[in-house]
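Residues per chain are reported as follows:
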Amino acid sequence: MSPKPHRNGRGLFLGAVLGAVVGYFAGRALGNPAMGIVLGLLAGAALLYRVNPGPRKPGPKNGGPRKRR
């Protein structure tokens with residue numbers, strides 16, 4: 001079985017927010033901030049959707065410490 005691809009909702013959200021902010025300023029410089037927000041939102045979300053920020057809680061499955069009995 002192939003490894004699971006690195007996709008996550010946190011990266012999607014972060015990419016959408018950062019892309020919208022950067023797109024706003026780029027669009028403002030080009031004359032249309034609304035279109036810059038939309039295009040930046042889509043581009044940022046698409047790029048950061050593949051980023052894997054790591055597991056939320058390290059455990060035995062994720063390479064973290066194991067509990068001793």
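The coordinates are above.
Conventions we followed
- Residues numbered from 1 in each chain as written.
- Predicted model: local features only at pLDDT ≥ 70, side-chain atom pairs only at ≥ 80, totals over all residues.
- Heavy atoms only, no water.
- Phe/Tyr/Trp six-rings, centres within 6.5 Å; stacked < 30°, edge-to-face > 60°.
- Buried < 20%, exposed > 50% of the residue type's maximum accessible area, 1.4 Å probe, protein only.
- Patch = residues over 30% accessible without salt bridge, like charges linked within 9 Å, V, L, I, M, F, W, Y side chains within 5 Å.
- Areas by Shrake-Rupley, 256 points an atom, 1.4 Å probe, with all protein chains shown as cover.
- Salt bridge = Lys/Arg side-chain N within 4 Å of Asp/Glu carboxyl O.
- Helix = DSSP H or I, 4+ residues; strand = E, 2+ residues; numbered from the N terminus.
- Expected span 1.5 Å × (residues − 1).
- Arc of directions from axis to C-beta.
- Contact = heavy atoms within 4.5 Å.

K.L.:
Help me understand the packing of aromatic side chains in this model?
P.N.:
What the rule picks out here adds up to one aromatic pair. Relative to Phe-25, the ring of Tyr-24 has its centre 5.1 Å away and its plane inclined at 70°; by these criteria the two rings are edge-to-face. On the basis of relative accessible area, Tyr-24 is assigned to the partly exposed category, the value being 31%.

K.L.:
What is the right way to look at a nonpolar patch on the surface in this model?
P.N.:
Together, Phe-13, Val-17, Val-21, Tyr-24, Phe-25 and Ile-37 make up a nonpolar patch on the protein surface, roughly 550 Å² of accessible area in all. The leading source of residues in the nonpolar patch is helix α1 (residues 9–30), at five residues. By the secondary structure assignment, Phe-25 is in helix α1.

K.L.:
I keep staring at helix α2 (residues 33–48) and nothing clicks. Help me out?
P.N.:
Note: α-helices contain 3.6 residues per turn, so residues at a spacing of three or four share the same orientation. Over its 16 residues, α2 extends 22 Å from the first C-alpha to the last, a length consistent with the 22 Å expected when each residue adds 1.5 Å. The complete set of buried residues in α2 reads Gly-36, Gly-40, Gly-44 and Ala-45. Mapping the buried residues of α2 onto a view down its axis gives an arc of 145°, with all of them on the same face. Projecting away from the buried face of α2 at angles above 90 degrees are the exposed residues Leu-39, Leu-42 and Ala-46.

K.L.:
It is not clear to me how α1 should be interpreted in this structure. Could you clarify?
P.N.:
Its 22 residues place the ends of α1 31 Å apart at the C-alpha level, agreeing with the 32 Å of an ideal helix rising 1.5 Å per residue. Here α1 has its buried residues at Gly-11, Gly-15, Ala-16, Gly-19, Ala-20, Gly-23 and Gly-27. All buried residues of α1 project into a common sector of 160° when viewed along the axis, lining one side. In α1, the exposed residues that point more than 90 degrees away from the buried face are Phe-13, Val-22, Arg-28 and Ala-29. For α1, the secondary structure elements touched by its buried residues are α2. Immediately downstream of α1, the backbone of Gly-31 shows phi near 110°, a positive value.

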